[in-house]
Amino acid sequence: MAKVVIFGNSENADIAYFHLRHDTSHDVVGFTVDGAFIGSGLFHDLPVIPFESLEQKFPAEDVSLLIPISYRKVNKIRAQKYTEAKNRGYKFITYISSKAVYYDTPIGENCFILENNVIQPYSRIGNNCTLWSGSHIGHHSTIADHCFISSQVVISGAVHIGEYTFIGVNATLRDNITIGRENVIGACSIILKNTEDYA
């Protein structure tokens, strides 16, 4: 069990707080956001601390972080906050829903994986990734760092997904293809061949 500070004070932080409270033994002790977005200074009756001065209330040796920021700017904001916190000495938890099907394949830090995902054997998920609910991650597939996989996505076997990629709801990726870095794949897309970077 860890004492956890969640980055955010809006919808994604709300969802993360719900899951950590109801599906883990972690103790959420507060929230953090950039100082300009503090608001009332409370969220779920817990303190919201400016990220710039987080160490004053929650030193890195006392807490772990979860940064469940959305896919804004092709995941770059989440990656920026993750990297900054890591450089400041913070550790991270990864949340994998107890309602996900998961066979202990490697998953990095600061990942947020919701219910009904099927993560097949021999797959691998990097750091700072979000998998919203109900997707299929096929065997021998790799999701690189800083990706966001929306709900009901089908990633077939032996697919490689490049860093910072966003995949929209109900997209389907056929087997044995490579998705380039920083791709944006829209809802209900069907991808049958390799894609270029920044596509």
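Note that the structure is predicted; figures quoted are calculated from it, not measured.

Here's the deal with the pattern of salt bridges
And then number 1: Counted under the stated rule, the structure contains eight salt bridges.
And then number 2: Between arginine 181 and glutamate 163 there is a salt bridge whose closest N-O contact spans 2.5 Å. With arginine 181 in the loop between strand S20 (178-179) and strand S21 (184-185) and glutamate 163 in the loop between strand S17 (160-161) and strand S18 (166-167), this pair connects stretches of sequence that are 18 residues apart.
And then number 3: You can call glutamate 163 partly exposed: its relative accessible area is 27%.
And then number 4: In this structure, a network of salt bridges that share partners links the residues Lys76, Glu163, Arg181 and Glu182.

Looking at helix H1 (residues 11-23)
And then number 1: Between its first and last C-alpha atoms H1 spans 18 Å; for 13 residues at 1.5 Å apiece the expected length is 18 Å, and the two agree.
And then number 2: Taken together, the buried positions of H1 are Asn12, Ala13, Ala16, Tyr17, His19 and Leu20.

A word on the packing of aromatic side chains
And then number 1: Scanning all chains against the criterion turns up 10 aromatic pairs.
And then number 2: Measuring from ring centre to ring centre gives 4.5 Å for tyrosine 71 and phenylalanine 166, while their planes differ by 45°; the resulting arrangement is tilted. Within this pair, whereas tyrosine 71 is found in the loop between strand S5 (64-66) and helix H3 (76-87), its partner phenylalanine 166 is found in strand S18, the two being separated by 95 residues in sequence.
And then number 3: On the basis of relative accessibility, which here comes to 40%, the residue tyrosine 71 falls in the partly exposed class.
And then number 4: Centroid distance tryptophan 132 to phenylalanine 148: 6.1 Å. Interplanar angle 15°. Geometry classified as stacked. With a gap of 16 residues between them, tryptophan 132 in the loop between strand S12 (130-131) and strand S13 (136-137) and phenylalanine 148 in strand S15 (residues 148-149) connect regions that are remote in the sequence.
And then number 5: By relative accessible area, which is 5% here, phenylalanine 148 ends up buried.
And then number 6: Aromatic ring contacts, followed pair by pair, group Tyr71, Tyr95, Phe112, Trp132, Phe148 and Phe166 into a single cluster.

As for the pairing of strand S4 (residues 46-50)
And then number 1: Bridging between strand S2 (residues 27-33) and S4 involves three bridges; their strand directions are parallel. Note on S4: the bridge partner recorded for threonine 32 is isoleucine 49.
And then number 2: One ladder, built from two bridges, connects strand S3 (residues 42-43) with S4; its direction is antiparallel. Across the sheet, the residue bridging to phenylalanine 43 is leucine 46, located in S4.
And then number 3: The turn linking S3 back onto S4 is made up of two residues, and histidine 44 within it adopts a positive phi angle of 50°.

Things to note about the sheet that holds strand S9 (residues 112-113)
And then number 1: Spatially, the six strands line up as an open sheet ordered S7-S9-S12-S15-S18-S21, and their pairing is parallel. The open sheet terminates on both sides in strands that have one partner only, identified here as strand S7 (95-96) and S21.
And then number 2: Examined bridge by bridge, S15 and S18 share two bridges and lie parallel to one another. Within S18, the residue paired with phenylalanine 148 across the bridge is phenylalanine 166.

Rules of the game
- Residues numbered from 1 in each chain as written.
- Predicted model: local features only at pLDDT ≥ 70, side-chain atom pairs only at ≥ 80, totals over all residues.
- Heavy atoms only, no water.
- Salt bridge = Lys/Arg side-chain N within 4 Å of Asp/Glu carboxyl O.
- Helix = DSSP H or I, 4+ residues; strand = E, 2+ residues; numbered from the N terminus.
- Buried < 20%, exposed > 50% of the residue type's maximum accessible area, 1.4 Å probe, protein only.
- Expected span 1.5 Å × (residues − 1).
- Phe/Tyr/Trp six-rings, centres within 6.5 Å; stacked < 30°, edge-to-face > 60°.
- Pairing = 2+ DSSP bridges.

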